[in-house]
Amino acid sequence: MGKSTPDHQKANTHKDGRLVWNHSTHIPGLIPILERLCQQHGIQTVTPGVIARAKGHAPKMQLRVSVPILGGYKIIARHGKTVQEVFILTTLDQDKLVETIAIAMKL
């Protein structure tokens, strides 16, 4: 009785995902990609993690799905000799997440 909106409207509303800022440093260019990723359907929370140095060199930004985690996936972001973990909580399966990441990187 006291509801202001019907349940079917709540199910159809699109809520953006959330980008967690818990580190002061990030790979240059990563944050704009993650912000666009948060706007994609099915993405709930994106949390950048640990930064490390890699032996190899990635000339342009790469995001690769690494392993499943509880409620989502760990992503590895690489640019130059820098590597950063990114944790994504999502309802998407791995194939759909790969497509969604590709879309966010092109925008």
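Given the structure is predicted, the values throughout are model-derived calculations rather than measurements. (Residues numbered from 1 in each chain as written. Predicted model: local features only at pLDDT ≥ 70, side-chain atom pairs only at ≥ 80, totals over all residues. Heavy atoms only, no water.)

Quick look at the side chain of Thr90 now. Inspection of the secondary structure puts Thr90 in strand β3 (residues 72–90). Overall, the relative accessible area of 8% leaves Thr90 in the buried class. A distance of 3.0 Å separates a polar atom in the side chain of Thr90 from the backbone nitrogen of Leu92. Discounting residues that sit within four places of it in the chain, Thr90 has contacts with Gly42, Ile43, Gln44, Gly71, Gly72, Tyr73 and Leu97. (Helix = DSSP H or I, 4+ residues; strand = E, 2+ residues; numbered from the N terminus. Buried < 20%, exposed > 50% of the residue type's maximum accessible area, 1.4 Å probe, protein only. Polar contact = N/O pair within 3.5 Å; in protein donor to acceptor, adjacent residues only side chain to side chain. Contact = heavy atoms within 4.5 Å.)

Let us look at the side chain of Thr47. Of note, Thr47 is situated in strand β2 (residues 43–69). You can call Thr47 buried: its relative accessible area is 17%. Thr47 has contacts with Val20, Asn22, Glu85, Val86 and Phe87, leaving out every residue within four places of it along the chain.

Attention shifts here to helix α2 (residues 30–38). Where α2 is concerned, the buried positions are Leu30, Ile31, Ile33, Leu34, Leu37 and Cys38. Here the buried residues of α2 occupy an arc of 160° about the axis, which is enough to place them on one side. (Arc of directions from axis to C-beta.)

Another point: the sheet that holds β2. In space, the 3 strands of this open sheet follow the order β1-β2-β3, with mixed pairing throughout. Both edges of this open sheet fall to β1 (18–19) and β3, since each of them pairs with a single strand only. The sheet contact formed by β1 and β2 spans 2 bridges and is parallel. Looking at β2, one finds that Arg18 is bridged to Thr45. Packing against the sheet, α2 makes contact with β1, β2 and β3, and its axis sits at approximately 150° to β2. Strand contacts of helix α3 (residues 94–106): β2 and β3, with the helix running at about 65° to β2, the strand carrying the most contacts. (Pairing = 2+ DSSP bridges. Axes fitted to C-alpha atoms, helices over the stretch in contact; angles between N-to-C directions.)

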